[in-house]
Amino acid sequence: MVQKSLSELKNEVSGCTRCELCKTRTNVVFGSGNENARIMFIGEAPGEKEDLSGIPFVGRAGQLLDKFLEAIELDRESVYIANMCKCRPPSNRDPRPEEQDMCIEYLREQVRIIKPSLIVCLGRISAQRLISPDFKVTKQHGEVYDKNGFNIMGTFHPAALLRNPNQKPEALKDFLIIKEYAKGL
Ligand code: URA
């Protein structure tokens, strides 16, 4: 099978009508960053700012993510950032399991193309879907698992850190692990 490029996949996804979210979205938020990234972050789903701009994590949570990246000497151009679901759920509700089912094959293709050294799930939604259904972020964050030959960890969603800033030191410890993977172990 000939592998698609990321831009071919992006073109395909831009017209997606596999689930109801296509009716209310402004833009598909495919993902952004470095096609050869060692680190790939996976959030939940776009919010309002992301829906309007077509770029993941550009709101307040995204600004906090940028600060954590800066703290470990990375930036958006050196990593890849995507979401479980590529279209905004109305009123920012959690994406439904069936919406995730429709979108997950696109994410799998992104992972196959990028081949990151470490996948980082931002928050419960992507960690429970990609690591294990009973994943508890507060207990298991920072632990690196092997899933189908890929290293994968969960950490706090930056929006959760905005609500609970007392968890930021724990999150920073996770980012120091991410830094090691970014450098190459
Ligand atoms: N929250 C997410 O999970 N993803 C985004 O792109 C923005 C906010």
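Predicted, not measured: the structure shown is a model, and the values here were computed from it.

1. Re helix H1 (residues 6–13)
And then number 1: Regarding H1, the residues found buried are Leu-6, Leu-9 and Val-13. The arc that holds the buried residues of H1, viewed along the axis, is 60°, so those residues lie on one side. Within H1, the exposed residues directed more than 90 degrees away from the buried face are Ser-7 and Asn-11.
And then number 2: Against strand E3 (80–83) and helix H4 (97–114) lie the buried residues of H1.

2. Observations concerning the side chain of Gln-110
And then number 1: As for its position among the elements, Gln-110 is in helix H4.
And then number 2: Within the structure, Gln-110 has its side chain in polar contact with the side chain of Tyr-80 (distance 3.4 Å).
And then number 3: Excluding residues within four positions of it along the chain, Gln-110 makes contact with Leu-6, Leu-9, Phe-30, Gly-31, Met-40, Tyr-80, Ala-82 and Lys-86.

3. Observations concerning the sheet that holds strand E5 (residues 144–147)
Hydrogen bonding along the main chain pairs the strands of a sheet, whether they run parallel or antiparallel.
And then number 1: Taken together, the six strands give an open sheet; going across it, the order is E1-E3-E2-E4-E6-E5, and neighbouring strands pair in mixed fashion. If you trace the sheet from one side to the other, it starts and ends with strand E1 (32–33) and E5, each paired once.
And then number 2: Here E1 runs beside E3; their pairing, made up of two bridges, is antiparallel. Its bridge partner being in E3, Ser-32 is matched across the sheet by Ile-81.

4. A few points about the site of the ligand
And then number 1: Near the ligand the following residues occur: Gly-43, Glu-44, Ala-45, Glu-50, Pro-56, Phe-57, Asn-83 and His-157.
And then number 2: With respect to the ligand, the backbone of Ala-45 contributes an N or O atom lying 3.1 Å from a nitrogen atom.
And then number 3: A distance of 2.8 Å separates an oxygen atom of the ligand from a polar atom in the side chain of His-157.
And then number 4: Starting from 240 Å² of accessible surface for the ligand in isolation, the protein chains cover 90%.
And then number 5: For the shell around the ligand, the class distribution of residues is three nonpolar, three polar and two charged.

5. Things to note about the packing of helix H3 (residues 60–71) against helix H8 (residues 168–183)
And then number 1: Packing of H3 against H8 leaves a shortest axis separation of 10 Å and a crossing angle of 50°. As summarised for this structure, H3 and H8 are arranged oblique, according to the angle between their axes. Of the two elements, H3 crosses H8, and the hand of that crossing is right-handed. Judged by residue contacts, Leu-64, Leu-65, Phe-68, Leu-69 and Ala-71 of H3 engage Lys-168, Ala-171, Leu-172 and Phe-175 from H8.

6. As for the state of the cysteines
And then number 1: Counted under the stated rule, the structure contains zero disulfides.
And then number 2: Free of any disulfide, Cys-19 has its nearest cysteine sulfur in Cys-87, 6.3 Å distant.

How each quantity is defined
- Residues numbered from 1 in each chain as written.
- Predicted model: local features only at pLDDT ≥ 70, side-chain atom pairs only at ≥ 80, totals over all residues.
- Heavy atoms only, no water.
- Buried < 20%, exposed > 50% of the residue type's maximum accessible area, 1.4 Å probe, protein only.
- Helix = DSSP H or I, 4+ residues; strand = E, 2+ residues; numbered from the N terminus.
- Arc of directions from axis to C-beta.
- Contact = heavy atoms within 4.5 Å.
- Polar contact = N/O pair within 3.5 Å; in protein donor to acceptor, adjacent residues only side chain to side chain.
- Pairing = 2+ DSSP bridges.
- Near = heavy atom within 4 Å.
- Areas by Shrake-Rupley, 256 points an atom, 1.4 Å probe, with all protein chains shown as cover.
- Nonpolar A, V, L, I, M, F, W, Y, C, P; charged D, E, K, R; others polar.
- Axes fitted to C-alpha atoms, helices over the stretch in contact; angles between N-to-C directions.
- Parallel < 35°, antiparallel > 145°, perpendicular 65-115°, else oblique.
- Left-handed = near helix turned anticlockwise from the far one by under 90°.
- Disulfide = S-S within 2.5 Å.

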